[in-house]
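Chain by chain, the residues:
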Protein chains: 2
Amino acid sequence: MLQSKLFYKTSKEVSVEEKSVNAQLLTRAGFIDKLMAGVYTFLPLGFKVYKKIENIIREEINAVGGQEILMPALHPKEPWETTGRWAAVREMFKTKSQTGGDYGLGWTHEEIVTPLAKKFFNSYKDFPFALYQIQTKFRDELRVKSGLLRGREFAMKDLYSFHTNEKDLDNYYEKVKEAYFKIFNRVGLGQRTYLTFASGGAFSKYSHEFQTVTPAGEDIIYLCDKCKIAVNKEIIGESKESCVQCGNKNLKEEKAIEVGNIFKLKDKFTKAFGYNFKDKDGKEKQVIMGCYGIGLGRVMGAVVEVYHDKDGIIWPPEIAPYNVHLIALKSGDDSLDKKIEKKTFDLYESLQKKGIEVLYDDRQEVSAGVKLKESDLIGIPVRLIISEKTVVKDSAEFKKRDSKDAELVKINKIAKLLNG
Amino acid sequence: MLQSKLFYKTSKEVSVEEKSVNAQLLTRAGFIDKLMAGVYTFLPLGFKVYKKIENIIREEINAVGGQEILMPALHPKEPWETTGRWAAVREMFKTKSQTGGDYGLGWTHEEIVTPLAKKFFNSYKDFPFALYQIQTKFRDELRVKSGLLRGREFAMKDLYSFHTNEKDLDNYYEKVKEAYFKIFNRVGLGQRTYLTFASGGAFSKYSHEFQTVTPAGEDIIYLCDKCKIAVNKEIIGESKESCVQCGNKNLKEEKAIEVGNIFKLKDKFTKAFGYNFKDKDGKEKQVIMGCYGIGLGRVMGAVVEVYHDKDGIIWPPEIAPYNVHLIALKSGDDSLDKKIEKKTFDLYESLQKKGIEVLYDDRQEVSAGVKLKESDLIGIPVRLIISEKTVVKDSAEFKKRDSKDAELVKINKIAKLLNG
């Protein structure tokens, strides 16, 4: 992409309302734009990151047998009345059709997916199965804050699994746990993300959250160094400040962001909707369920909270909007500038042909200082500069965003260095 | 995909409310499920088709320089009041936040994208540029009908282009026209889709629709055989029943489905939002706009209206849910059946390794008759059968969905036949 054409604009400051680091940096660097409190547009740079996160999630959920579907956002009232959540959940946006119908905007999809599954799969032979979607949800939060971490409109991956017995649910639940760690590793949050025991509500002793440790976190968790798991503060009372797994009392308090959660719903929804299956013995038995969520914007926000410095964002390679930020710097000498421009453009084209995604800062009237500042703010993992100094050596200055050291690399070696 | 695991169920009949062929067939074959009037879930088979249409559109819009973004569905009231469309459009769903705000659900995005563009690009050097999204829209239709052709919730690709002068808008408009024909060719509708002159409203003499000729169409168009264009009935009065391009009076009346539309908005929205640019001469001038829509579900519905027979859907290859439907038929002889199963499974694996998408009907207790009926209903372009008759010749029966003729093909030649 030519930066001169890219729809973005960096800014030094954003509204004082945006207190979180992720909203500040993503807005300043031109990744997102706030439409209103808790509702953001993803601009071209932000959309690229969003898509990469989406694809990572899709790959890992497909790998555990999830079948992708797309359920509506507009829900009829009836299934929500069946579970009692129509009246109970103040955060559900509601709207009335000119034809008289009452609709709600989905903030989760148990009320939709359970009757759907019931309509299609009813024999023990059909089980287990798992359906998921990557879809926009709406939640009328009383207070929105923290940028992409808690909004009124947000994309979620929600997976629902259906089983004939608890052992089968338990097995699948463990598989999804592993898939989640793969996802968090790939987006760059693996090292700081802990499986965290949280309240299980009425149906299980515990549910599990995936909590990413960062000072920006809204949750308090207690880490067990031995088990590499954590306990959410909300249940620390009952576990007496000790690790729920090994009993270790030497827990470390940390702030954390919940980036995912998994939950054994058991018969909570299947009972409400009368979802049974016919077993081998011909008898009708209760289907049981698990549900598994990840918020895409929330992951993006958490990554920025974890990976930034005073100059800007530092994207983990697998979700960076581009692999390389290629920058041409002018010398002031016209004939030399033509050479710089040609070399840079040739490199831009040859890297792209090799499948490397390049943002090329081709802008003519922007100073070197501004180009470098913007590059740090945007945070692409590798920066390549071609300038007077490098072009005479047929080289480019190669610098990783997360390193202070730059090195001169021959232009014809760059692709190999990047792909290696 | 193993058909025994696929989340679908075929049915012989659907609700009498579903009068359209596309809703009937897509529901009966397990591609979509109706949640309520005008609101559908895309099931795994339908979601695959949806994604293929989405990717075709994305590729062709990227090729004309569209930059992909993602704008919210939840809109504040203010920009809609600026254009006067908050009160005027009864089809806009509205909701009230518990915090007091009035929100609308977007049925189009001029009110959002114009202020966004204004915030970022203001110099003549920034122009032209084009932003698009593939996003869910909501429209409170008084009457929903025709399955995926007219719903209350639907996915749209909406592209908006911004220009400094009419000539530039005209040029880009022509480019998008070409991109649209590429899209409709790739989804299989090219032969039957006509550029159609429609009412331009207050801003242009004409807008352009892309109309696909089919008896299921809600619109009436008049085809000019000479120009290969059409005129919408709504403007035939003013054009005196003659071709608006060549004056030909010998027009043919046809029913058609509008699968896309493109529109020169000119200054309609940029004026309302005071969107100017600074020109070379330092003066502020009016930005002008074009907008370009395609409904994804509508394309899918139109394809089914065009491509089906009494037995089911006949998917055009580029948007079929799978490339091949591989079916194992039992012989009744256990040892032969093992051989059939092994051969079929090996072929399944080897085709997939070659990048061919295969739905393998591996179901044990389903009769040959049901398997073949379902295969016709689902409509994958190529059907491969391995049975007693074929396995002894190391072959499979190869049949295209749109042909009556089947041929025996050696198993080791199949991949080449499919990829060639």
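To keep things clear, this report deals only with the structure shown in the data block.

### A look at the relation of the copies chain A and chain B
Superposing chain A onto chain B takes a rotation of 180° combined with a translation of 0.0 Å along the rotation axis, leaving an RMSD of 0.0 Å. What the superposition gives is, in effect, a two-fold axis relating one chain to the other. Minimal C-alpha separation from the rotation axis in chain A is found for Thr95(A), amounting to 2.5 Å.

### Considering the interface of chain A and chain B
In this assembly, 59 residues from chain A lie in contact with 59 residues from chain B. Between chain A and chain B lies a buried interface of about 5300 Å² when both sides are counted; carbon and sulfur atoms form 60% of it. Looking at the side of chain A facing chain B, the largest losses of area belong to Phe7(A), Gln98(A) and Phe120(A), adding up to 15% of the total buried there. Inspection of the region where chain A meets chain B yields 4 salt bridges. Glu365(B) serves as the salt-bridge partner of Lys125(A), at 2.9 Å between the closest nitrogen and oxygen.

### Concerning the sheet that holds strand E21 (residues 382-386) of chain B
Residue and element names in this part refer to chain B. With mixed pairing, 5 strands are arranged side by side in an open sheet as E20-E19-E21-E22-E23. Where the open sheet ends on each side, the last strands, each with one partner, are strand E20 (358-361) and strand E23 (406-410). Averaged over all pairs of adjacent strands, the angle between their axes in this sheet comes to 25°, without regard to strand direction. Relative to strand E22 (residues 395-400), E21 runs antiparallel, the two being bridged by 4 bridges. Within the sheet, the bridge partner assigned to Val-382 lies in E22 and is Lys-400. Against the sheet, helix H9 (residues 334-353) engages strand E19 (324-328), E20 and E21, with an angle of about 170° to E20.

### Examining helix H6 (residues 166-186) of chain B
The α-helix winds at 3.6 residues per turn, so residues separated by three or four positions along the chain end up facing the same way. All names here are of chain B. Spanning 21 residues, H6 covers 30 Å between terminal C-alpha atoms, matching the ideal 30 Å at 1.5 Å per step. Buried within H6 we find Leu-169, Tyr-172, Tyr-173, Val-176, Lys-177, Ala-179, Tyr-180, Ile-183 and Phe-184. Two or three places before Lys-167, at the opening of H6, Asn-165 has a side-chain oxygen 3.2 Å from that residue's backbone nitrogen. Directly beyond the C-terminal end of H6, a positive phi value near 100° is found at Gly-188.

### Details of the packing of aromatic side chains
The full count for this structure, using the stated rule, is 48 aromatic pairs over all chains. Aromatic pair Phe127(A) and Tyr275(A): ring centres 6.2 Å apart, planes at 45°, arrangement tilted. Residue Phe127(A) is found in the loop between helix H5 (110-120) and strand E7 (129-138), and its partner Tyr275(A) is found in the loop between helix H7 (268-272) and strand E14 (276-278); the two are separated by 148 residues along the sequence. With a relative accessible area of 7%, Phe127(A) lands in the buried category. Looking at Tyr275(A), the relative accessible area reads 0%, which means it is buried. Here the aromatic residues Phe7(A), Phe120(B), Phe121(B), Phe127(B), Phe129(B), Phe162(B), Tyr275(B) and Phe277(B) are joined through ring pairs into a cluster of three or more.

### Focus on unusual backbone geometry
A cis geometry characterises the amide bond from Phe127(A) onward to Pro128(A), with omega recorded as -10°. Position of Pro128(A) relative to the elements: it lies in the loop between H5 and E7. Backbone geometry at Lys228(A) places phi at a positive 60°, although glycine is not the residue there. In this fold, Lys228(A) is placed in the loop between strand E11 (219-224) and strand E12 (229-232). Using a relative accessible area of 53% as the deciding quantity, one classes Lys228(A) as exposed. Residue Asp394(B) is not a glycine yet carries a positive backbone phi of 55°. Within the secondary structure, Asp394(B) is located in the loop between helix H11 (388-391) and E22.

Definitions and limits used
- Residues numbered from 1 in each chain as written.
- Chains lettered and ligands numbered in written order.
- Predicted model: local features only at pLDDT ≥ 70, side-chain atom pairs only at ≥ 80, totals over all residues.
- Heavy atoms only, no water.
- Least-squares fit on C-alpha atoms with pLDDT ≥ 70 in both.
- Contact = heavy atoms within 4.5 Å.
- Buried area = accessible area lost by both parts, 1.4 Å probe.
- Salt bridge = Lys/Arg side-chain N within 4 Å of Asp/Glu carboxyl O.
- Pairing = 2+ DSSP bridges.
- Helix = DSSP H or I, 4+ residues; strand = E, 2+ residues; numbered from the N terminus.
- Axes fitted to C-alpha atoms, helices over the stretch in contact; angles between N-to-C directions.
- Expected span 1.5 Å × (residues − 1).
- Buried < 20%, exposed > 50% of the residue type's maximum accessible area, 1.4 Å probe, protein only.
- Polar contact = N/O pair within 3.5 Å; in protein donor to acceptor, adjacent residues only side chain to side chain.
- Phe/Tyr/Trp six-rings, centres within 6.5 Å; stacked < 30°, edge-to-face > 60°.

These results come straight from atomic positions and should not be treated as a statement about function.
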